[in-house]
Amino acid sequence: MGIQLVGLSQAKQKLQRSLSARIASLLATSGTNNVPKGHVAVYVGETYQRKRFVIPISYLNNPLFQGLLNLAEEEFGFDHPMGGLTIPCTEDYFTALASILSGS
């Protein structure tokens, strides 16, 4: 019985390493692992060719940005096929808003 438990333990560890490697691989290919701490990636655009922006999390609390989030919720809900937060506005509008929020 002791031998079977050791074998089970080793199999469990091997499976965990395999899953960890697979998750790391998926994150690397999706580009989500290059978002700095304290930031979030959002996708901006009104067409299928959306541009990815990395913004500070603090922007999410701003009333101007909250308006965009409400618009995104109405259009997409929170289960979007792109897998990220998608903002349905033009890139020009978003960059102008980000400029205002950054104080530049």
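Everything below is about the structure printed above this text.
Quick caveat: nothing in here was measured; it's all calculated off a predicted structure. (Residues numbered from 1 in each chain as written. Predicted model: local features only at pLDDT ≥ 70, side-chain atom pairs only at ≥ 80, totals over all residues. Heavy atoms only, no water.)

**Student:** Which parts of the structure should I look at to understand helix α3 (residues 91-102)?
**Tutor:** At 3.6 residues per turn, the α-helix brings residues three or four places apart onto the same side. Spanning 12 residues, α3 covers 16 Å between terminal C-alpha atoms, matching the ideal 16 Å at 1.5 Å per step. Within the span of α3, buried status applies to F94, L97, A98 and L101. With its buried residues spanning 100° around the axis, α3 presents them on a single face. Facing away from the buried surface of α3 by more than 90 degrees, the exposed residues are D92 and I100. After α3 finishes, the residue G103 shows a positive phi value of roughly 85°. (Helix = DSSP H or I, 4+ residues; strand = E, 2+ residues; numbered from the N terminus. Expected span 1.5 Å × (residues − 1). Buried < 20%, exposed > 50% of the residue type's maximum accessible area, 1.4 Å probe, protein only. Arc of directions from axis to C-beta.)

**Student:** Can you walk me through the sheet that holds strand β2 (residues 51-56) in this structure?
**Tutor:** The strand order across the open sheet formed by three strands is β2-β1-β3, and the pairing between neighbours is mixed. Here the strands that pair on one side only, and so sit at the sheet edges, are β2 and β3 (85-87). With direction set aside, neighbouring strand axes in the sheet form an average angle of 40°. Two elements, strand β1 (residues 39-44) and β3, share three bridges in a ladder whose sense is parallel. By the bridge assignment, V42 is partnered in β3 with L85. In the packing of α3 onto the sheet, contacts are made with β1 and β2, and the angle to β2 comes to roughly 15°. (Pairing = 2+ DSSP bridges. Axes fitted to C-alpha atoms, helices over the stretch in contact; angles between N-to-C directions. Contact = heavy atoms within 4.5 Å.)

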